[in-house]
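Analysis of the macromolecular model
Take a look at the letters that make up each chain.
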Amino acid sequence: GPLLAYAERTRQQPRDVLAQTGLPDAARTAVEQFGVDLAQIDHVAGGITLGEGEDALHVTLALVLKQPLADEGAFLAKLRAKPVAGKLGRYEAAVGKVPLLLVRAVPTVWVFAYTEADLSEIDRPHGPSGSHFRTLRPVVSDVPAGSAVWLAANDDRDWTEKPVVKLLAQSAEVKKWVPVAKGGRGGFVAVSLGEQPLLSLRVRTTDDATGDRVRTYLTERAKEAAGAKAGGEGATASFEAPFDANTGKLLQRMLTDAGK
């Protein structure tokens, strides 16, 4: 809703607005692959948990629609979905190059998951105090109200010591992010698209020295955007700026610099 309203108000295409937010191409492409018009989507929510051992990786993605699909067959064909033998209502599908399981939880909610165990979560009732958000709750509670697009992460442990991260780090594309992951513990980036669109970023680092280094970097970037400001204290650094095409590009530059 906020995305479509903002795009209409500023006479832009919704996809272009998503691109300006700094949302990765892979995420935008995944949404488009659903073959569902953006006006039909209430929201899309996804989560990744990096555990250890046999419980190393959990991936779940929920597509929530405003009304049931008019043609489920076309939707399933778009995702190259095939029924799982002996599993009524379960499908093997692909989002981009990633093979995922798919199930229709209710007529307006389709859930994608990496494993059968992840899909089983849809049968468990989760309320506002549900344990599935216990790690993220301290971060998510600080995400500005009304944010239309946001990404949050949190963990008290060194992410680079997780077996699944060590495995992924064998890839050159992932390896460049290892130093960033090692220096961070959590944070969020969010874009609100109200009457005064706003980009908000907060990072929790491993220690005060790293936090100070990140604040110095963000202070320099704040000089490049009108109305932007940087702050934080101790191990925390923050950045806030009016959102437009330029600040979206600035965020993408921050991500590029972080990868270096």
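Described in the following lines is the structure provided in the data block. Sequence order as written defines residue numbering, which begins from 1 separately in each chain. For this predicted model, a pLDDT threshold of at least 70 governs which residues receive local features, and a threshold of 80 or more governs which side-chain atom pairs are given and counted, while totals over whole chains, interfaces and linings are taken from all residues. Side-chain numbers here rest on the full set of heavy atoms in the structure, without hydrogens or water.

1. Regarding the overall build of the chain
Helix numbers and strand numbers start at the N terminus; a helix is a DSSP run of H or I with at least 4 residues, a strand a run of E with at least 2. Of the regular secondary structure elements, the chain holds 11 helices and 11 strands. The rule is simple: take the accessible area with a 1.4 Å probe, protein chains only, and divide by the maximum for that residue type; under 20% is buried, over 50% is exposed, in between is partly exposed. Residues classed as buried in the chain amount to 37% of the 260 residues present. The contact criterion used is simple: two residues touch if any of their non-hydrogen atoms lie within 4.5 Å. The long-range fraction of contacts in the chain, counting pairs at least 24 apart against all pairs at least 6 apart in sequence, stands at 50%. Of the accessible surface of the chain, which amounts to about 15,100 Å², a share of 56% is contributed by carbon and sulfur atoms. Areas reported as accessible are Shrake-Rupley estimates using a 1.4 Å probe. Residue values count occlusion only from the protein chains shown.

2. Regarding the pattern of salt bridges
Should a side-chain nitrogen of Lys or Arg be within 4 Å of a carboxyl oxygen of Asp or Glu, the pair is scored as a salt bridge. For the structure on display, the rule yields seven salt bridges. A salt bridge links Glu72 to Arg104; the shortest N-O distance between them is 2.7 Å. Note that Glu72 is positioned in helix H4 (residues 72-78) and Arg104 in strand E5 (residues 98-106), a separation of 32 residues in sequence. Arg104 sits in the partly exposed class, given a relative accessible area of 39%. A salt bridge links Lys223 to Glu220; its shortest N-O distance comes to 3.0 Å. Beyond isolated ion pairs, a larger network of salt bridges with shared partners links Arg221, Glu224 and Arg253.

3. As for helix H1 (residues 2-9)
Every buried residue belonging to H1 is among Leu3, Tyr6 and Ala7, and all of these are buried. The buried residues of H1 occupy an angular sector of 100° when projected down its axis, which confines them to one face. Looking at the buried side of H1, the elements it contacts are helix H2 (14-20). Taking the helix axis as origin, the arc is that swept by the directions to the C-beta atoms.

4. Section: the sheet that holds strand E10 (residues 229-231)
Strands pair, by our definition, only if DSSP identifies at least two bridges between them. As summarised here, the arrangement of the five strands in space is E7-E8-E9-E11-E10, forming an open sheet in which the pairing is antiparallel. Bordering the open sheet on either side are strand E7 (147-154) and E10, each of which pairs with just one other strand. Between one strand axis and the next, the sheet turns through 5° on average, direction left out of account. Summarising the sheet, E10 and strand E11 (residues 236-242) pair through three bridges and their orientation is antiparallel. Bridged to Gly231 within E11 is Ser238. Axes here mean lines fitted to C-alpha atoms, for a helix over just the part in contact, with angles spanning 0 to 180 degrees between N-to-C directions. Here helix H10 (residues 208-222) sits on the sheet and contacts strand E9 (198-205), E10 and E11; the angle it forms with E11, its principal contact strand, is near 15°.

5. Quick look at the sheet that holds strand E3 (residues 82-83)
The sheet built from six strands is open, its strands ordered E1-E2-E6-E5-E4-E3 with antiparallel pairing. Two strands bound the open sheet, and with one partner strand each, they are strand E1 (41-50) and E3. Note that E3 and strand E4 (residues 90-95) share two bridges and pair antiparallel. Within the sheet, the bridge partner assigned to Lys82 lies in E4 and is Glu92.

6. Structural notes on the packing of aromatic side chains
Two rings from Phe, Tyr or Trp (for Trp, the six-membered ring) form a pair when their centres sit within 6.5 Å of each other. Planes less than 30 degrees apart are called stacked, planes more than 60 degrees apart edge-to-face, and all others tilted. In the structure shown here, the tally under the stated rule is three aromatic pairs. Between Phe34 and Phe112, the ring centres sit 5.3 Å apart and the planes meet at 25°, which makes this aromatic pair stacked. Residue Phe34 is found in the loop between helix H3 (25-33) and E1, and its partner Phe112 is found in strand E6 (residues 109-113); the two are separated by 78 residues along the sequence. Seen in terms of ring centroids, Phe75 and Trp110 are 4.9 Å apart; in terms of plane orientation they differ by 55°. Their pairing is tilted. With a gap of 35 residues between them, Phe75 in helix H4 and Trp110 in strand E6 connect regions that are remote in the sequence. The rule for a charge over a ring is simple: NZ of Lys or CZ of Arg within 6 Å of the ring centre, and within 35 degrees of the ring normal. One residue, Arg221, lies across the ring of Tyr217, its end atom 4.8 Å from the ring centre.

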